[in-house]
Amino acid sequence: MRTELVSEPGDAALPNEDFASIGLPASGQGGSLVLLDGVTPPRDGTGCRHSVPWFTARLGGALAELTVSLQNVPLGDLLSRAVSRTAGAHAKTCDLSHPRTPQATVVLARWSPESVEYLVLSDSALLVESPGGTVTALLDDRLARLPRSALATDALVDSTVRNKEGGFFTAAADPSVAVRAVTGTLPRAEVRALAALTDGATRWVERFREGDWADCLALVRKEGPQALVDRVRALERADTDRVLLGRSKTHDDATVVYVEF
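Everything numeric in this text was worked out from a predicted model, so none of it was measured.

Draft legend 1. Geometry of the nonpolar core. Ranked by size, the top nonpolar core spans 25 residues in total, and within it Leu-36, Leu-59, Leu-63, Leu-79, Val-106 and Leu-121 carry the most contacts. Those elements giving two or more residues to this core turn out to be β3 (31–38), α1 (52–69), α2 (75–88), β4 (104–111) and β5 (115–121). Looking at this core element by element, the count peaks at six residues for α1. Not counting residues within four places of it along the chain, the set of residues in contact with Val-106 comprises Leu-35, Leu-36, Leu-63, Leu-79, Leu-119, Val-120, Leu-121 and Ala-171. Listed in part, the 21 residues of the second largest apolar core include Val-6, Val-220, Val-232 and Ala-254.

Here is the structure:
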């Protein structure tokens, strides 16, 4: 098995808000990956005394433990437990009802000799390659399907579509969000490789249109996750007129986890 992980902050002067891990049980059977992309907070606060990296470290740490130690519990249930555990760590000191309480996108995958389970919540991506080379992108595309008018301002997003019916969902303080995730199970024999990417890395496909998902996974396999991040950074620097970046931040935290069976 080959595993590789790279995570690079968008700004070296600021903490990386992503989280990633690969877990391999002591039994030697199977494993799991966890990928979180913390939601950058607004300038006017979140109702929480803790930072987004504090939140992603605790939620990600809980998921890394649970996906390995409770191998017979569905991933959705594990996400619910991890959100509850993390909320309990700061419920007495913070306003967890605030729409911008620390939160994150989630990608989980867990494999055994028989199957590969997956969970995707919000706009990070999980790429699955078959033994024949076909690449399938497992996505939660609710945010991408919203009209631009619904995303005009942070205030509008928070009041109308963030963690609301008809909008999009992230893992914050409500454990019931787990039922909103895209989940499924694939036969292990039908999976040759996995690649999990935060949206700072999916820019190569979704923003800059340098290739499709199959091209993206082929690049990661051949040159490694760092090569993908390096190419995204070069494209970001070259877009001086912001033709492709638009209103997005110039550089975003970018994380790639690659597993090849």
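After presenting the structure, the write-up continues.
Draft legend 2. The pairing of strand β9 (residues 193–197), seen in detail. Counting buried positions along β9 gives five out of five residues, so the element sits mostly inside the fold. By the alternation rule, side chains of β9 split into Ala-193, Ala-195 and Leu-197 and Leu-194 and Ala-196, which are all buried. As defined by bridge partners, β9 adjoins strand β10 (residues 254–260) across five bridges and the pair is classed as antiparallel. Bridge pairing in β10 places Ala-193 opposite Glu-260.

Draft legend 3. Just the sheet that holds β10, in detail. The five strands lie next to each other as β1-β10-β9-β6-β7, forming an open sheet whose pairing is antiparallel. Looking at strand neighbours, the two that pair on one side only are β1 (2–8) and β7 (135–139), the edges of this open sheet. The mean inter-strand angle of the sheet, taken between neighbouring strand axes irrespective of direction, is 10°. Where strand β6 (residues 125–129) and β7 come together, five bridges link them in antiparallel fashion. Looking at β7, one finds that Glu-129 is bridged to Val-135. Most of the contacts of helix α5 (residues 199–206) go to β10, to which it runs at about 80°, and overall it touches β6, β9 and β10.

Draft legend 4. Quick look at helix α7 (residues 225–238). Its 14 residues place the ends of α7 20 Å apart at the C-alpha level, agreeing with the 20 Å of an ideal helix rising 1.5 Å per residue. The set of residues buried in α7 consists of Pro-225, Ala-227, Leu-228, Val-229, Val-232, Arg-233 and Glu-236.

Draft legend 5. Inspection of empty space enclosed by the protein at higher detail. Evaluated as defined, the whole model comprises one cavity of 30 Å³ or more. The computed volume of the largest cavity comes to approximately 30 Å³. In this structure, the largest cavity is lined by Pro-25, Gly-31, Ser-32, Thr-67, Val-68, Gln-71, Arg-110 and Trp-111. At the level of elements, β3, α1 and β4 are the ones that each hand at least two residues to the lining of the largest cavity. Looking at the lining of the largest cavity residue by residue, the class counts come to three nonpolar, four polar and one charged.

Draft legend 6. Representation of the pattern of salt bridges within the structure. Under the criterion given, the structure shown has 17 salt bridges. Measuring nitrogen to oxygen at the nearest pair gives 2.9 Å for the salt bridge that ties Glu-8 to Arg-233. Taken together, the positions of Glu-8 in strand β1 and Arg-233 in helix α7 put the pair 225 residues apart, joining distant regions of the chain. You can call Glu-8 partly exposed: its relative accessible area is 22%. The class of Arg-233 is buried, set by a relative accessible area of 6%. Of the charged contacts in the structure, one is a salt bridge between Arg-221 and Glu-129, with a shortest N-O distance of 2.2 Å. Here Arg-221 is found in helix α6 (residues 213–223), whereas its partner Glu-129 is found in strand β6, with 92 residues between them in sequence. Taking relative accessible area as the criterion, Arg-221 reaches 25% and is therefore assigned partly exposed. Sharing partners across several salt bridges, the network here consists of Glu-8, Arg-203, Arg-233 and Glu-236.

So, how was this worked out
Residues numbered from 1 in each chain as written. Predicted model: local features only at pLDDT ≥ 70, side-chain atom pairs only at ≥ 80, totals over all residues. Heavy atoms only, no water. Core = buried A, V, L, I, M, F, W, Y, C linked by side-chain atoms within 4.5 Å. Buried < 20%, exposed > 50% of the residue type's maximum accessible area, 1.4 Å probe, protein only. Helix = DSSP H or I, 4+ residues; strand = E, 2+ residues; numbered from the N terminus. Contact = heavy atoms within 4.5 Å. Pairing = 2+ DSSP bridges. Axes fitted to C-alpha atoms, helices over the stretch in contact; angles between N-to-C directions. Expected span 1.5 Å × (residues − 1). 1 Å grid on protein atoms, 1.4 Å probe; cavity = no way out; pocket = protein on both sides within 12 Å on 5 of 7 lines; lining within 4 Å. Points joined across faces, edges and corners; volume = space filled by probe spheres on them. Nonpolar A, V, L, I, M, F, W, Y, C, P; charged D, E, K, R; others polar. Salt bridge = Lys/Arg side-chain N within 4 Å of Asp/Glu carboxyl O.

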